[in-house]
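# Summary of the model geometry
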Amino acid sequence: PPPSAAGLDGMAARILHRLRHALAGEGGREERVRGGSEAEDFPESSELEDDTEGLSTRLSGTLSFTSHEEEEEEEEEEEDGAGVELGEPPQPTGAAAGAEDGGRCWGWCAGGAGAAPLPGAAAPWGGPSLLTRQLQELWRKSRGSLAPQRLLFEVTSASVVSERSSKYVLYTIYLIRSGRFDKAPATIARRYSDFERLNRRLRCRFGCDMAGIAFPRKRLRRNFTAETIAKRSRAFEQFLSHLHSIAEIRRSPEFLEFFFLQDLRAAQRLTCTGMYREALATWANAYRLQDRLGVCGSGRFLLTLAGLAVCHQELDELGEAHSCCEQALQLLEAQGSHPLLGPFLQAHVHLAWKVGKDKRRSEARLQDLREAGPPLQQQPTLKECLIKEPLE
């Protein structure tokens, strides 16, 4: 026989309660399941007790998505609702999907009003069920109330490197935008001394803001044990997350250059030596890093676009080179003069002619520059600007 109205309402209430927790904290529960024994070995409340006093407590576990109270409520609800099972939500796809880098899922995508009913949601006696309508209405309301995107830092691997008489640990870190899927993640590889230099420079400039931010101390021994590396990996994730949460620090040259200055130097060196394929990959990673950090209007970003355009052109990828020039000229639209404006315009006109694109606007801007300044023949090419640019 069909369930009573009271029974159906009770079932709907329990499933809606779980769905609210799924929308708010699915990523945290997946992380706990994935962490397994590692989470037991290094619980967030005490994992940095030796190296970074109070860091986990102050940050409340930056990469955790549900509180202990929510977990307890969830467990009690599961006991009360025995016999009513709600399957795992579908994996996200497309632009609304959570970042999948490193095995984590930061979001959940449902089908909205047009989605197929959940198993068991349609009443066997026909007609739309109350449960299905409630779930659809909850999803419509929750879509506008999801947490805004933020930048996450995840240490995905750590390797011990031996060079001549030195030995150090190299940490690979992914920059992940929550709620987005990045096909090509932005990555950096840094050692302890790199983090220590950043910490020292920021404390010199932002003493008050840095007073409450802890940093893992140096050790005289046991620096290469799995326990120490695991603790430091977690500490560096939280350290970067805490720095990024302070507006003045995340906009500072010290913080930004920690992420992409090394890539810019390496890409410039590779370009100068004619290793364009290797340089292209390094310029591309520098592009992604600046994009994640939200500094796509800076001089460094224009230099990055110049590097991409030059390497694409040298590799006979003219369409991609043309697109890089167009993006740079859009950023330079409001600027009447810039050291890279003339070189970008000349490159754009040449590439547009090669690929059969409209070049009249760039030619007009070149004419304006010619009338307002020195002869364009005396200006360096885009490649010459790229090679001569000092990267301090």
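Provided above is the structure to which this section pertains.
A brief structural summary.

Parameters at a glance
Residues numbered from 1 in each chain as written. Predicted model: local features only at pLDDT ≥ 70, side-chain atom pairs only at ≥ 80, totals over all residues. Heavy atoms only, no water. Helix = DSSP H or I, 4+ residues; strand = E, 2+ residues; numbered from the N terminus. Expected span 1.5 Å × (residues − 1). Contact = heavy atoms within 4.5 Å. Axes fitted to C-alpha atoms, helices over the stretch in contact; angles between N-to-C directions. Parallel < 35°, antiparallel > 145°, perpendicular 65-115°, else oblique. Left-handed = near helix turned anticlockwise from the far one by under 90°. Nonpolar A, V, L, I, M, F, W, Y, C, P; charged D, E, K, R; others polar. Disulfide = S-S within 2.5 Å. Core = buried A, V, L, I, M, F, W, Y, C linked by side-chain atoms within 4.5 Å. Buried < 20%, exposed > 50% of the residue type's maximum accessible area, 1.4 Å probe, protein only. Salt bridge = Lys/Arg side-chain N within 4 Å of Asp/Glu carboxyl O.

### Observations concerning helix α15 (residues 360-372)
Between the first and last C-alpha of α15 there are 19 Å, a value that for 13 residues agrees with the 18 Å anticipated at 1.5 Å per step. Elements that come into contact with the buried residues of α15 comprise α13 (318-331) and α14 (341-355).

### Thoughts on unusual backbone geometry
Despite not being glycine, R164 has its phi angle at roughly 50 degrees, a positive value. Positionally, R164 belongs in the loop between β1 (151-163) and β2 (166-177).

### So, the packing of helix α6 (residues 192-205) against helix α8 (residues 226-244)
Between α6 and α8, the shortest axis-to-axis distance is 12 Å and the interhelical angle comes to 30 degrees. It follows from the interaxial angle that α6 and α8 lie roughly parallel. Pair α6 / α8 crosses with left-handed handedness. The segment α6 lies against α8, with Y192, F195, L198, N199 and L202 engaging R232, F236, F239, L240 and L243. Taken together, the residues of the contact of α6 with α8 break down into 8 nonpolar, 1 polar and 1 charged.

### Re the state of the cysteines
Considering all chains together, one arrives at 0 disulfides under this definition. Here C311 is not cross-linked by a disulfide; its sulfur's nearest cysteine counterpart is in C324, at 9.7 Å.

### Let's talk about the nonpolar core
One finds F239, L240, L243, F259, L293 and F344 to be the most contacted residues of the largest nonpolar core, which totals 69 residues. Contact partners of F259, with chain neighbours within four places excluded, come to F153, L175, I188, R190, L240, L289 and L293.

### A look at the environment of R232
With respect to the secondary-structure elements, R232 resides in helix α8. With a relative accessible area of 5%, R232 lands in the buried category. For the pair formed by R232 and A158, sequence separation is 74 residues and the distance between their alpha carbons is 10.0 Å.

### Focus: the pattern of salt bridges
Under the criterion given, the structure shown has 15 salt bridges. We note a salt bridge from E237 to R234, for which the minimum N-O separation is 3.6 Å. Placement of the pair is E237 and R234 together in helix α8, with a separation of 3 residues, close to one helical turn. R234 shares its class with E237; the two are buried. We note a salt bridge from D291 to R292, for which the minimum N-O separation is 3.2 Å. Of the residues examined, D291 reaches a relative accessible area of 27% and is grouped as partly exposed. Given the relative accessible area of 10%, R292 is considered buried. Three or more residues joined by partner-sharing salt bridges are found here, namely R177, D291 and R292.

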